[in-house]
Amino acid sequence: MSAFNKFLTSSIMAAALATTSFTASAANPTNEDVKAAIDNTLAKVEETITALDNGTDNEKLVDMVGDARQLQKDISNNALDLKRNQASGVLKKARTELKNNDLASAKATLADAANRYKEIQQIYVSTH
């Protein structure tokens, strides 16, 4: 039993150390990181709008919106979290509309998303 207790204690300590190391390495993003995330997300939304205008396949468009939603997750800034979450919801709506082949609504929704990310970009620039 003593060996088991030592093993258990060692395992718990190792896990705690690993967790601490991981948390320490996940530092807050720099201003440049947040700005890049905003710019990249906006660029992907605009790229999706252009692809939609050019008649790109819906599956590809859905993937592009998914990419934009992934990129926007890197917009880590407390002042922007609410606006980022709202814009993410608009991207989700556009993705659903694309899956349902409702291209006109998807185009309007993507334009709304682009405007929201432009607003986020302006807010960020004005505060940093």
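The structure under discussion appears in the preceding block.
Thresholds applied
- Residues numbered from 1 in each chain as written.
- Predicted model: local features only at pLDDT ≥ 70, side-chain atom pairs only at ≥ 80, totals over all residues.
- Heavy atoms only, no water.
- Helix = DSSP H or I, 4+ residues; strand = E, 2+ residues; numbered from the N terminus.
- Buried < 20%, exposed > 50% of the residue type's maximum accessible area, 1.4 Å probe, protein only.
- Contact = heavy atoms within 4.5 Å.
- Areas by Shrake-Rupley, 256 points an atom, 1.4 Å probe, with all protein chains shown as cover.
- Core = buried A, V, L, I, M, F, W, Y, C linked by side-chain atoms within 4.5 Å.
- Salt bridge = Lys/Arg side-chain N within 4 Å of Asp/Glu carboxyl O.

S.K.: Can you walk me through the overall build of the protein chain in this structure?
M.R.: The number of helices and strands found in the protein chain is five helices and zero strands. Along the protein chain, helices (α) and strands (β) appear in the sequence α-α-α-α-α when read from the amino end. In the protein chain, buried positions account for 30% of the 128 residues. Contacts in the protein chain between residues far apart in sequence, at least 24 positions, make up 71% of those at least 6 positions apart. Surface summary for the protein chain: the accessible area is close to 8100 Å², and the carbon and sulfur share equals 54%.

S.K.: Would you explain unusual backbone geometry in this entry?
M.R.: Even without being glycine, asparagine 101 reaches a positive phi, approximately 60 degrees. The topology assignment puts asparagine 101 in the loop between helix H4 (81-99) and helix H5 (103-127). According to the relative accessible area criterion, asparagine 101 is exposed, its value standing at 52%.

S.K.: Please clarify how the side chain of threonine 109 should be interpreted in this entry.
M.R.: The residue threonine 109 is located in helix H5 in this model. A relative accessible area of 7% places threonine 109 in the buried class. Those residues in contact with threonine 109 that lie beyond four places of it in its chain are Val90, Lys93, Ala94 and Glu97.

S.K.: Is there a simple way to think about the nonpolar core in this case?
M.R.: In a soluble, globular protein the nonpolar side chains are often hidden away together inside. Judged by nonpolar contacts, the single largest core of 27 residues is most densely connected at Ile38, Val45, Ile75, Leu91, Leu98, Leu110 and Tyr117. For this core, the secondary-structure elements that each account for two or more residues are helix H2 (31-53), helix H3 (58-72), H4 and H5. Looking at this core, the element that brings in the most residues is H2, giving eight residues. Setting aside chain neighbours within four positions, we find isoleucine 38 in contact with Ile75, Leu80, Tyr117, Ile120, Gln121 and Tyr124.

S.K.: Can you walk me through the pattern of salt bridges in this structure?
M.R.: Scanning all chains against the criterion turns up eight salt bridges. The closest approach of N and O atoms between glutamate 46 and lysine 118, which form a salt bridge, is 3.8 Å. Taken together, the residues glutamate 46 in helix H2 and lysine 118 in helix H5 connect sequence positions 72 residues apart. Glutamate 46 sits in the partly exposed class, given a relative accessible area of 34%. Residue class for lysine 118 comes out partly exposed when judged on its relative accessible area of 35%. The partner of arginine 116 in a salt bridge is aspartate 112, and the shortest N-O contact between them spans 3.2 Å. A residue pair is termed a helical-turn pair when its members lie 3 or 4 positions apart in one helix, as arginine 116 and aspartate 112 do in helix H5 at four residues. Since its relative accessible area comes to 28%, arginine 116 is described here as partly exposed. Where salt bridges share partners, they join Lys44, Glu47 and Asp67 into one cluster.

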